[in-house]
Amino acid sequence: MRGLVIKNTGSWYTVRTDDGRDIESKIKGNFRLKDIRTTNPVAVGDRVDIDINTEGTAFITKIEDRKNYIIRRASNLSKQSHIIAANVDQAMLIVTVNYPITTTVFIDRFLATAEAYRVPVKLVFNKIDRYHGGDRELLDDLVTLYTTIGYPCSMLCARTEEGLDVLREDLKGRITLLSGHSGVGKSTIINKLIPGVNLRTGDISEYHNKGMHTTTFSEMIPLSDGGYLIDTPGIKGFGTIEMEGAEIAHYFPEIFKFSADCKFNNCSHRHEPGCAVLRAVEEHYISESRYKSYLSILDDKQESKYREEY
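Residues numbered from 1 in each chain as written. Predicted model: local features only at pLDDT ≥ 70, side-chain atom pairs only at ≥ 80, totals over all residues. Heavy atoms only, no water.

1. A closer look at the overall build of the protein
For the protein, the helix and strand inventory stands at nine helices and 15 strands. Buried positions account for 50% of the 310 residues belonging to the protein. Carbon together with sulfur atoms contributes 49% to the accessible area of the protein, which is approximately 15,000 Å² in total. (Helix = DSSP H or I, 4+ residues; strand = E, 2+ residues; numbered from the N terminus. Buried < 20%, exposed > 50% of the residue type's maximum accessible area, 1.4 Å probe, protein only. Areas by Shrake-Rupley, 256 points an atom, 1.4 Å probe, with all protein chains shown as cover.)

2. Quick word on helix H3 (residues 134-149)
Taking 1.5 Å per residue as the helical rise, H3 with its 16 residues ought to reach 22 Å, and the 23 Å between its terminal C-alpha atoms agrees with that figure. Asp135, Leu139, Leu142, Val143, Leu145, Tyr146 and Ile149 are the residues of H3 that are buried. Each buried residue of H3 sits inside an arc of 165° when the element is viewed along its axis, so together they form one side. Every exposed residue of H3 that faces more than 90 degrees away from the buried side is listed here: Glu137, Asp141 and Thr148. Residues of H3 that are buried sit in contact with helix H2 (104-116), strand E9 (121-125), strand E10 (153-155), helix H7 (253-259) and helix H9 (288-298). Phi for glycine 150, located one or two positions after H3, is positive at around 125°. (Expected span 1.5 Å × (residues − 1). Arc of directions from axis to C-beta. Contact = heavy atoms within 4.5 Å.)

3. Description of the pairing of strand E6 (residues 69-73)
In terms of burial, E6 is largely enclosed, as four of its five residues are buried. Across five bridges, E6 lies against strand E7 (residues 81-86) in antiparallel orientation. By the bridge assignment, isoleucine 71 is partnered in E7 with isoleucine 83. (Pairing = 2+ DSSP bridges.)

4. Let's talk about the side chain of aspartate 108
When you line up the elements, aspartate 108 lands in helix H2. At a separation of 2.7 Å, a polar atom in the side chain of aspartate 108 contacts the side chain of tyrosine 146. Excluding residues that lie within four positions of it along the chain, aspartate 108 makes contacts with Tyr146, Phe252, Ser289, Arg290 and Ser293. (Polar contact = N/O pair within 3.5 Å; in protein donor to acceptor, adjacent residues only side chain to side chain.)

5. A closer look at the environment of arginine 2
By the element assignment, arginine 2 lies in strand E1 (residues 2-8). In the structure, arginine 2 is positioned 47 residues away from aspartate 49 in sequence and 4.5 Å away in space, judged by C-alpha atoms. With residues up to four places along the chain from it excluded, the contact list for arginine 2 reads Thr17, Asp18, Arg47, Val48, Asp49 and Glu64. Separated by 3.0 Å, the side chains of arginine 2 and aspartate 18 make a polar contact. Here glutamate 64 takes part through its side chain, which lies 2.9 Å from a polar atom of the side chain of arginine 2.

6. Considering the pattern of salt bridges
Counting across every chain of the model gives 17 salt bridges. Linking lysine 67 and aspartate 89 is a salt bridge whose minimum nitrogen-to-oxygen distance equals 2.8 Å. A residue pair is termed long-range when its members are at least 10 positions apart, and lysine 67 in the loop between strand E5 (58-63) and E6 and aspartate 89 in the loop between E7 and strand E8 (90-95) qualify at 22 residues. A relative accessible area of 46% places lysine 67 in the partly exposed class. For the salt bridge of arginine 136 with aspartate 140, the shortest nitrogen-to-oxygen distance reads 3.4 Å. One end of the pair, arginine 136, and the other, aspartate 140, are both in helix H3, four residues apart, so they sit about a helical turn from each other. The partly exposed category is assigned to aspartate 140, whose relative accessible area is 33%. (Salt bridge = Lys/Arg side-chain N within 4 Å of Asp/Glu carboxyl O.)

7. As for H2
For H2, with 13 residues, the first-to-last C-alpha span of 18 Å sits near the 18 Å given by 1.5 Å per residue. Taken as a whole, H2 has its buried residues at Val105, Phe106, Ile107, Asp108, Arg109, Phe110, Leu111, Ala112, Thr113, Ala114 and Ala116. Phi turns positive, to about 60°, at arginine 118, one or two residues after H2.

8. Some points on the packing of helix H4 (residues 164-171) against helix H5 (residues 186-193)
Viewed as axis vectors pointing N to C, H4 and H5 meet at an angle of 80°, and their least axial separation amounts to 11 Å. Relative to H5, H4 is oriented roughly perpendicular. Contact residues: Leu164, Leu167, Arg168 and Leu171 in H4; Ile189, Lys192 and Leu193 in H5. By residue class, the composition of the contact of H4 with H5 is five nonpolar, no polar and two charged. (Axes fitted to C-alpha atoms, helices over the stretch in contact; angles between N-to-C directions. Parallel < 35°, antiparallel > 145°, perpendicular 65-115°, else oblique. Nonpolar A, V, L, I, M, F, W, Y, C, P; charged D, E, K, R; others polar.)

9. Structural notes on the environment of alanine 116
Residue position: alanine 116 is located in helix H2. When the C-alpha atoms of alanine 116 and tyrosine 69 are compared, they prove to be 9.5 Å apart, with 47 residues separating the residues in sequence. Among residues more than four places away in sequence, those in contact with alanine 116 are Met243 and Tyr251.

10. Some points on the nonpolar core
In summary, soluble globular proteins display a tendency toward joint burial of nonpolar side chains. Counting 36 residues, the largest nonpolar core has Leu123, Phe125, Tyr146, Leu177, Met220 and Ile230 as the members making the most contacts within it. When residues of this core are traced back to their parent elements, those giving at least two are E1, E7, E8, H2, E9, H3, strand E11 (174-179) and strand E15 (227-231). By residue number, the principal contributor to this core is H3, which donates six residues. Each of two domains, domain 1 (1-64) and domain 2 (71-75 + 82-229), supplies a minimum of three residues to this core. (Core = buried A, V, L, I, M, F, W, Y, C linked by side-chain atoms within 4.5 Å. Domains from an automatic or database assignment.)

Scope: geometric values only; no functional claims are made or implied.
The following block contains the structure:
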């Protein structure tokens, strides 16, 4: 029987069958051996085949080919990867310039990974009611930067629902992954969009200015206008994986564009003579923050370089 994985609680997966039943399912042992570098061989959003047993639970026997997925390094210095979600139409990265801070390095690592696995991304800047002075200037600068590169951006105050109608329209009929740090407001957004779902929301640590986890597992939540929202636990760091050095520039659209004019085909854009990317950074056609993020992903090959705050 075929179905869609709509929830992952660690050892169990909830599979919604094509005839509308939700079946608690487990993975057969040999699945874990096929990709031992991945902590979760089955991800929310996967289409699967299951065999239902007499107790009413099931074994997942086959995973259909994925059209795309979002993946990250499982933990600091880990050699394993973790698939956040599969078969999504788009991802929305919820960003807060403060309360808590989302760094540009974190944003760019998410965007580069999405580029690598063919997932369209929109940036949603939340908590706009709290930004004044320098925070507001930073918000405007980030929106200008990413819009110029080609990433759609929107601004939102989930608490007052300002901007929520625009977000709701973008979600219609699509499978959308919501991601971001703990504390950026994902659960509040989902509670506003889907009355009655009642996800638990958390506070920001005043000392660390970081969010505290409230979502503990990944889940697909159906939308009344069609489509699904995929809610995921907040991410502290976004370590990249499975990216070769020569291809990383391909996942930064503006760097890839200028790299066509580099003197050497295998230019790393670090120090080579005749590097068009370095010249574009010096002349401010490529932002320094984006270039810094590019270098940080290059350094992921040296595993000690990966730091959780990314």
